[in-house]
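Survey of secondary and tertiary structure
Residue-level listing of the chains:
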Amino acid sequence: MKVGILTGGGDCPGLNAVIRGVVQVISNAGGQCLGLQEGWRGAITGNHEILTPEMTRPIIDQGGTILGSSRTNPFKNPEEIEQIEQTFKNLGMDALVAIGGDDTLGVASKLYHEKGLPTIGCPKTIDNDLSATDQTFGFDTCINIVMDAVDRLRTTAMSHRRVLVVEVMGRHAGWIACYSAMATGADYFMVPEREVNIDEMINVLQKRLDAGQKYGIVVVSEGAKLSNDGDFVTKDAEIDEFGHVKLGGIGDRVAKIIEERMGKETRSVTLGHLQRGGSPSAFDRVLGTRLGVHAGHLALNKDFGKMVALRGTKIVAVELKDAVDKMRELEDSFFDEAAEFLK
Ligand code: F6P
């Protein structure tokens, strides 16, 4: 059996663990894996390399993806879909494991349902916003990076008696902001799912100052909006092939508001791609490996149109279609637990 593997969308720690898992299972069964280069672009061009267990054994600790990634959307151009069909034939691929977020998996789902191609999905994103899985790999590494950064920022905020606003990723979902705020004991956090309440934030910060705390830490999701009917704060007007704008800048805006309203020196730090880089945590290495192993077994069993997912502590297979239908926003119960500390 020949199994293609590709990684699409934003990179994420743990991708290489998944690749290694798929390669090991397929190789154990006497098959071969082909690594398509740079996401769906590789499926279009057929650009690939043969992946062996010897090659993939040492990559467990490497961040990013050895296959490269892109935000290529083949459904923007019907010719590219035909080229993907041709790649399956040319390379003799019996299955394709697509590792990615909702965009990449959306393409895998459409290829299966509309073109009958044997695709399997594996959920990935540091944002942790995919439904049908309890957690995505990459998220754990990400929140540990944010935690380390905020711990460091706290010592300098304390020294200078400043407020520090930390902008974190999370385009549509506030998982990163919520978890890292809780993990660091931040004074306030803002997420895309909830209307930003500037008065409440100022009150909380003021209360802390009145109680003798000389600094403040605010964590804000890049996707939070400053008013209910407002727009995202963006870097520029450019959009990618899936129609996403480049977010960034809300941290600066919030810092300015705090400084103006409180008369306290306030700085902002955008953690940006630091949150996606570097070596995966043990949790993400294990989760990625387990997902890869199960994706390999789905391929061997010709169980296509499915996505591997974490449910509780077990890896299960779910319908790819259901997995990409709905985004997993920050659930109220998680927000409420963290919000106990915003008082
Ligand atoms: O989808 C994950 C993510 O990291 C988002 O949180 C962020 O908005 C986006 O990717 C950034 O993507 P890029 O690296 O393409 O700018």
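Just above, that's the structure.
Residues numbered from 1 in each chain as written. Predicted model: local features only at pLDDT ≥ 70, side-chain atom pairs only at ≥ 80, totals over all residues. Heavy atoms only, no water.

Moving on to the nonpolar core. When a protein is soluble and globular, its nonpolar side chains tend to lie buried together. One finds Met201 and Ile258 to be the most contacted residues of the largest nonpolar core, which totals 77 residues. For this core, the element with the most residues is helix α6 (residues 139-160), which contributes 8 residues. Structurally, this core is a two-domain feature, drawing no fewer than three residues from each of domain 1 (2-137 + 280-323) and domain 2 (139-277). Among all residues touching Ile258, those that are not within four sequence positions of it are Val163, Val165, Met201, Ile202, Leu205, Val218, Gly263 and Thr266. Membership of the second largest hydrophobic core comes to 24 residues, among which are Ile44, Ile81, Phe88 and Val107. (Core = buried A, V, L, I, M, F, W, Y, C linked by side-chain atoms within 4.5 Å. Buried < 20%, exposed > 50% of the residue type's maximum accessible area, 1.4 Å probe, protein only. Helix = DSSP H or I, 4+ residues; strand = E, 2+ residues; numbered from the N terminus. Domains from an automatic or database assignment. Contact = heavy atoms within 4.5 Å.)

In the vicinity of the ligand, the contacting residues are Arg71, Ile126, Asp127, Met169, Gly170, Arg171, Glu222, His273 and Arg276. At 2.8 Å, a side-chain N or O of Arg276 approaches an oxygen atom of the ligand. In the complex, the protein chains occlude 80% of the 400 Å² of accessible area that the ligand would expose alone. One can see that the ligand is located within the largest pocket. When its residues are assigned to classes, the shell around the ligand shows 2 nonpolar, 2 polar and 5 charged. When residues of the shell around the ligand are assigned to domains, at least three fall in each of domain 1 (2-137 + 280-323) and domain 2 (139-277). (Near = heavy atom within 4 Å. Polar contact = N/O pair within 3.5 Å; in protein donor to acceptor, adjacent residues only side chain to side chain. Areas by Shrake-Rupley, 256 points an atom, 1.4 Å probe, with all protein chains shown as cover. 1 Å grid on protein atoms, 1.4 Å probe; cavity = no way out; pocket = protein on both sides within 12 Å on 5 of 7 lines; lining within 4 Å. Sits in = over half its atoms within 2 Å of the grid points. Nonpolar A, V, L, I, M, F, W, Y, C, P; charged D, E, K, R; others polar.)

Function-wise, these values are silent; they only describe arrangement.
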